[in-house]
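Working through the structure, step by step
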2 protein chains.
Amino acid sequence: MALIVHKYGGTSMGSTERIRNVAKRVAKWARAGHQMVVVPSAMSGETNRLLGLAKELAPAKHSDAYSRELDMLASTGEQASSALLAIALQGEGMESVSYAGWQVPIRTDSAYTKARIESIDDLRIRADLAAGKVVIVTGFQGIDGDGHITTLGRGGSDTSAVAVAAAMKAHECLIYTDVDGVYTTDPRVVPEARRMNKVSFEEMLEMASLGSKVLQIRSVEFAGKYKVPLRVLSSFTDWDIDIEEEARSGTLITFEEAENMEQAVVSGIAFNRDEAKISVLGVPDKPGIAYQILGAVADANVEVDVIIQNLSKNGSTDFSFTVHRNDFAKTVDLLKDKVLPGLGGATEVVGDAKICKVSIVGIGMRSHVGVASTMFRSLSEEGINIQMISTSEIKTSVVIDEKYMELAVRALHKAFGLEQA
Amino acid sequence: MALIVHKYGGTSMGSTERIRNVAKRVAKWARAGHQMVVVPSAMSGETNRLLGLAKELAPAKHSDAYSRELDMLASTGEQASSALLAIALQGEGMESVSYAGWQVPIRTDSAYTKARIESIDDLRIRADLAAGKVVIVTGFQGIDGDGHITTLGRGGSDTSAVAVAAAMKAHECLIYTDVDGVYTTDPRVVPEARRMNKVSFEEMLEMASLGSKVLQIRSVEFAGKYKVPLRVLSSFTDWDIDIEEEARSGTLITFEEAENMEQAVVSGIAFNRDEAKISVLGVPDKPGIAYQILGAVADANVEVDVIIQNLSKNGSTDFSFTVHRNDFAKTVDLLKDKVLPGLGGATEVVGDAKICKVSIVGIGMRSHVGVASTMFRSLSEEGINIQMISTSEIKTSVVIDEKYMELAVRALHKAFGLEQA
């Protein structure tokens with residue numbers, strides 16, 4: 001008997017048949033005595049369909065007023081799927097009620113299309129749970145201080161579910177998706193990749209931001225902040241599998257510290273081939289240079305990932321960073337036209353869009369020396385040249401030629417023994 | 001310079017191209033100096049699509065909780081089309097904002113799927129109009145006292161538009177639809193049918209209830225109650241036709257009295273072949289009999305239209321009424337099983353589903369004698385037998401064999417000179 005939050009992704013809600021299966025699964029949990037709150041995404045394809053219509057009609061210049069209407073529009077997808085799930089639960093003989101974000105209410109700031117949750121009122125939900133109802137709460141959306149609908153950005157339903165779980169002090173938040181958990185790396189690249197039973201939320205944070213697209217990164221941040229135990233598991237098992245077995249399946253993302261964690265030094269290998277590398281060579285080594293370069297890039301709304309500046313030689317240095325590949329050409333042009341003239345003399349901009357980033361992630365790295373050197377040796381043995389290196393407490397990333405990506409991931413997966421349970 | 005409400009039906013909102021045309025038309029009105037409030041329906045087909053999904057998942061026994069979810073679901077159609085129209089207006093360079101029913105708010109009672117509007121708060125709309133914005137208000141929906149979404153039933157967007165026009169004291173409410181006005185009868189039956197420039201709201205009420213499906217009947221009642229001038233016109237003219245010409249087109253439904261009305265005694269011919277006739281013969285003529293029969297019918301949620309009871313002979317009488325054809329078999333069975341046993345002796349139930357109802361409607365009938373007799377003579381000249389007659393102040397209806405329907409409508413259209421302007 002516990003309060004449990006389930007979240008179902010768009011694929012799990014993709015047809016009436018699938019919605020019925022979700023209802024049967026939720027009903028099973030409710031009949032086992034749990035208080036159930038469910039956060040569904042829109043039916044798969046619906047958000048894209050709606051935003052596609054908007055795009056055909058959109059003004060050339062995007063304004064806040066336009067973003068507001070996008071949120072009015074896109075939020076309907078979750079409202080519809082939530083009502084359908086409530087109906088399906090009624091069809092399974094369960095009392096059920098659905099609430100749009102504004103009805104709960106889920107309060108957010110006013111940053112349309114990428115709002116952040118500020119607070120959740122749990123009164124209405126608690127009253128319904130006490131009355132024995134399954135409560136459906138629309139994902140992805142909220143209401144701002146002026147009564148406008150907001151949405152949380154792509155994947156925002158994960159964040160909604162975690163935020164609701166935090167507000168309700170839920171025992172666990174189960175994220176049902178089309179994969180059966182979090183793997184040591186992408187099984188399409190390394191067939192020996194292994195599903196982890198547990199992973200720390202800090203590791204998950206690094207994995208998510210590095211391209212393991214299982215969970216929206218903000219949902220993991222939220223789970224860490226409010227210590228919500230989060231479980232990623234498959235919605236494509238039979239709905240009537242044993243509930244105890246289901247409750248143990250998938251991957252638990254936990255805020256508990258190391259003693260309970262699996263003891264591996266490195267937990268997983270993340271990778272990302274969406275990036276491009278840009279270097280500004282021969283930069284005079286004086287204060288304000290990094291801001292002069294990156295300030296201009298940020299002003300153009302380009303997000304920067306890895307940043308490297310090396311020791312200077314003869315009063316000048318090389319400054320490198322990575323951006324999303326879609327922003328590559330734009331950023332190089334910007335630097336050449338607007339920034340170089342102000343840097344003086346010998347500076348030059350060079351870039352390479354055919355790179356990738358490979359990272360090893362593990363909470364164990366904090367206390368283990370030699371992890372990075374194992375990584376570098378392993379890559380060297382495969383004849384892979386490392387172009388950039390960046391490290392943090394629980395991750396080490398390298399930028400390499402994209403053609404070596406799969407080779408590097410497989411070699412590292414093996415080098416750190418990740419195929420072994 | 002006036003405050004004008006436009007309402008666009010689902011067909012007018014049926015694609016992004018059509019939504020763009022609506023936006024261009026509304027922008028034209030706004031640029032001519034009018035304050036514009038627009039109430040759109042859902043894109044055509046959307047409400048049926050959503051309710052179709054619900055039907056696949058619905059519980060066998062429909063409850064209030066189920067109806068609540070239907071409203072959560074169906075209301076998304078108008079929210080999406082309203083946001084798209086606001087975006088299209090922004091695309092035309094107009095400032096625009098859309099509001100869902102609960103944001104205005106449009107307050108209703110709690111009768112899910114067939115709620116009635118109780119009040120509309122005009123503060124938010126007025127503020128936006130004053131700021132030079134075109135305001136889009138979702139049709140078809142509202143919010144009840146407990147914060148639940150409600151819908152107004154099929155065609156409810158007409159009622160929303162009229163209610164908004166009443167609340168805003170609009171100069172006129174223009175209902176854009178796929179026909180270019182209200183005709184003296186259906187032009188598919190009588191090619192000579194003529195579009196009326198004006199019709200009284202009382203006549204329109206009779207026309208609407210009798211099957212001229214141009215406007216939801218409640219919207220006409222509302223317009224009459226609050227004296228909102230209502231105009232039905234086509235959304236399929238070129239959007240850039242002269243605005244003065246457009247403002248005079250279609251049919252004006254007016255609450256003004258006869259002096260300004262067209263002087264015809266009979267304004268139009270309505271007809272309906274969705275009905276069936278049921279007679280209970282040999283009913284003892286004593287108090288309470290009508291209730292005994294119709295009370296049982298009402299309890300079974302069957303709506304009754306025409307009711308006739310003739311003079312009694314030898315202490316017994318015949319009692320006849322019409323119901324929707326879909327309810328025919330159910331009602332006959334009900335009467336035989338539940339009602340006849342309590343009526344005693346000689347009673348018998350007979351029925352005929354192959355009938356139709358033809359009505360002449362005209363505010364001029366109030367003060368003109370001989371209108372009904374012209375109707376009866378005209379039908380008699382065509383050899384059409386009248387099975388039932390029912391009259392009110394501004395209409396006379398007859399029930400006849402359905403095979404004579406077109407013949408009767410054409411003959412009456414001619415007899416009352418309706419083809420002449």
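Counting restarts for each chain: residues are numbered from 1 in the order of the written sequence. Chain letters and ligand numbers both follow the written order, the letters beginning at A and the numbers at 1. Two thresholds apply to this predicted model, a pLDDT of at least 70 for residue-level local features and 80 or more for giving and counting side-chain atom pairs, whereas whole-chain, interface and lining totals are computed over all residues. Computation of side-chain values covers all heavy atoms of the structure but excludes hydrogens and water.

Residue-level contacts link 44 residues of chain B with 44 residues of chain A. When chain B packs against chain A, close to 3500 Å² is buried across both sides, 63% of that on carbon and sulfur atoms. What counts as a salt bridge is simple: a side-chain nitrogen of Lys or Arg found within 4 Å of a carboxyl oxygen of Asp or Glu. The interface formed by chain B and chain A contains two salt bridges. A salt bridge links B:Glu46 to A:Arg49; the nearest nitrogen and oxygen atoms lie 3.6 Å apart. Elements that contribute at least two residues to the side of chain B that touches chain A include exactly helix H1 (16-31), helix H2 (46-57), helix H3 (64-91) and strand S3 (96-99) of chain B. Helix numbering and strand numbering both begin at the N terminus, where a helix is a DSSP run of H or I of at least 4 residues and a strand a DSSP run of E of at least 2. Per-element accounting of the side of chain B that touches chain A gives the leading share, 18 residues, to H3(B). Here, residues are in contact when the closest pair of their heavy atoms is within 4.5 Å. Throughout, buried area stands for the accessible area (probe radius 1.4 Å) lost by two parts on being put together, summed over both.

On to the environment of B:Arg248, then. Relative to the helices and strands, B:Arg248 resides in helix H8 (residues 243-248). Between the alpha carbons of B:Arg248 and B:Glu275 there is a distance of 36 Å; along the sequence they are 27 residues apart.

To continue, consider the packing of aromatic side chains. Residues and elements named next belong to chain B. Only the six-membered ring of Trp is used, alongside the rings of Phe and Tyr, when aromatic pairs are assigned; centres must lie within 6.5 Å, and planes under 30 degrees apart are stacked while those over 60 apart are edge-to-face, with the rest tilted. This structure, assessed with the given rule, holds seven aromatic pairs over all chains. Ring centres of Tyr8 and Tyr176 lie 4.6 Å apart, and the angle between their planes is 10 degrees; on these two criteria the pair is classed as stacked. Of this pair, Tyr8 sits in strand S1 (residues 3-8) while Tyr176 sits in strand S9 (residues 172-177), and the two are 168 residues apart along the sequence. Using a 1.4 Å probe on the protein chains alone, a residue whose accessible area is under 20% of its type maximum counts as buried, one over 50% counts as exposed, and one in between counts as partly exposed. By relative accessible area, which is 0% here, Tyr8 ends up buried.

Once that is clear, we can look at the nonpolar core. To form a nonpolar core, buried Ala, Val, Leu, Ile, Met, Phe, Trp, Tyr and Cys residues must be joined to one another through side-chain atoms within 4.5 Å. Counting 82 residues, the largest nonpolar core has A:Leu85, A:Leu89, A:Val134, B:Leu85, B:Leu89 and B:Val134 as the members making the most contacts within it. If sequence neighbours within four positions are ignored, B:Leu89 has contacts with B:Ala23, B:Val26, B:Ala27, B:Met94, B:Ser96, B:Val134 and B:Ile136. B:Ala165, B:Val182, B:Phe201 and B:Val228 belong to the second largest nonpolar core, which has 42 residues in total.

Turning our attention to the packing of helix H3 (residues 64-91) of chain A against H3(B). Put simply, H3(A) and H3(B) touch, their axes get as near as 8 Å, and they point 165 degrees apart. The orientation of H3(A) relative to H3(B) falls into the category roughly antiparallel. Where H3(A) crosses over H3(B), the handedness of that crossing is left-handed. Fitted lines through C-alpha atoms give the axes, limited to the stretch in contact for helices. The angle between two N-to-C directions lies from 0 to 180 degrees. Oblique is the label for every angle not falling under 35 degrees (roughly parallel), over 145 degrees (roughly antiparallel), or within 65 to 115 degrees (roughly perpendicular). Each crossing gets its handedness from the near helix: less than a right angle anticlockwise from the far helix is left-handed, clockwise is right-handed.

A word on the confidence of the model for chain A. On average, residues of chain A carry a pLDDT of 90, and 96% of them reach 70 or more. On the interface metric, ipTM, the complex scores 0.82, and its pTM is 0.84. Per residue, pLDDT captures the predictor's confidence, and it can take any value from 0 to 100.

One can find A:Ser234 in strand S11 (residues 230-234). Polar side-chain contacts of A:Ser234 include one of 2.9 Å to the backbone nitrogen of A:Phe236. Any pair of nitrogen or oxygen atoms within 3.5 Å is treated as a polar contact; in protein, a donor-acceptor pairing is required on top of that, and neighbouring residues in sequence qualify only through side-chain atoms on both sides.

Moving on, we get to the relation of the copies chain B and chain A. Least-squares superposition aligns the copies on the C-alpha atoms of those residues with pLDDT at or above 70 in both. The operation relating chain B to chain A is a screw motion whose rotation component is 180 degrees, with 0.0 Å of axial translation and a residual RMSD of 0.1 Å. The transformation just described matches what one would write down for a two-fold rotation axis. The rotation axis passes nearest to the C-alpha of B:Thr76 in chain B, at a distance of 2.6 Å. Mapped onto chain A, 100% of the interface residues of chain B again fall at the interface, so both copies present the same surface.

Turning next to the sheet that holds strand S2 (residues 35-40) of chain B. All names here are of chain B. Read across the sheet, eight strands follow the order S3-S6-S2-S1-S9-S11-S12-S10 without closing on themselves; strand pairing throughout is mixed. One side of each edge strand has no neighbouring strand; the edge strands of this open sheet are S3 and strand S10 (198-200). Strand-to-strand twist across the sheet, computed as the mean angle between neighbouring axes with direction ignored, equals 20 degrees. Being paired, for any two strands, means DSSP has found at least two bridges between them. Bridge count between S1 and S9: five bridges; the pairing is parallel. Counted as the bridge partner of Ile4 is Glu172 from S9. Sheet strands in contact with H3 are S2, S3 and strand S6 (134-137), and its direction is about 175 degrees off that of S3.

Another point: helix H4 (residues 123-130) of chain A. Residues and elements named next belong to chain A. Within the sequence span of H4, burial applies to Ile125, Asp128 and Leu129. Seen end-on, H4 carries its buried residues on one side only, within an arc spanning 100 degrees. Opposite the buried face of H4, by more than 90 degrees, sit the exposed residues Leu123 and Ala130. At the exit of H4 stands Gly132, carrying a positive phi of roughly 85 degrees. Taking the helix axis as origin, the arc is that swept by the directions to the C-beta atoms.

Residues and elements named next belong to chain A. UniProt tags Thr47 and Glu78 as "binding site: substrate" (unreviewed entry). Taken together, the annotated residues stretch across 32 residues yet fold into one region, lying no more than 8.7 Å apart by C-alpha. With respect to the helices, strands and loops of the structure, Thr47 is situated in helix H2 (residues 46-57). Residue Thr47 is classed as buried on the basis of its relative accessible area, which comes to 13%. The residues touching Thr47, leaving out its near neighbours within four places in the chain, are Ala42, Glu78 and Arg154. Secondary-structure assignment places Glu78 in helix H3. UniProt positions are given in the numbering used here, feature names are shortened, and annotations may be inferred rather than shown by experiment.

With that out of the way, let us pick up helix H9 (residues 289-299) of chain B. Residues that lie three or four places apart on an α-helix share one face, since the helix turns once every 3.6 residues. Residues and elements named next belong to chain B. Regarding H9, the residues found buried are Ile289, Ile293, Leu294, Gly295, Ala296 and Val297. Where H9 is buried, its residues contact strand S14 (275-284), strand S15 (304-309), strand S16 (316-324) and helix H10 (328-343). Once H9 ends, the next one or two residues include Asn301, with phi positive near 60 degrees.

Right, let's get into the pairing of S14(B). Residue and element names in this part refer to chain B. Buried residues dominate S14, accounting for eight of its ten residues. In this sheet, S16 lies alongside S14 in antiparallel orientation, the contact comprising eight bridges. Within the sheet, the bridge partner assigned to Val280 lies in S16 and is Phe319. By the bridge criterion, five bridges tie S14 to strand S17 (residues 348-352) in an arrangement that is antiparallel. Across the sheet, Lys277 pairs through a bridge with Asp352, a residue of S17.

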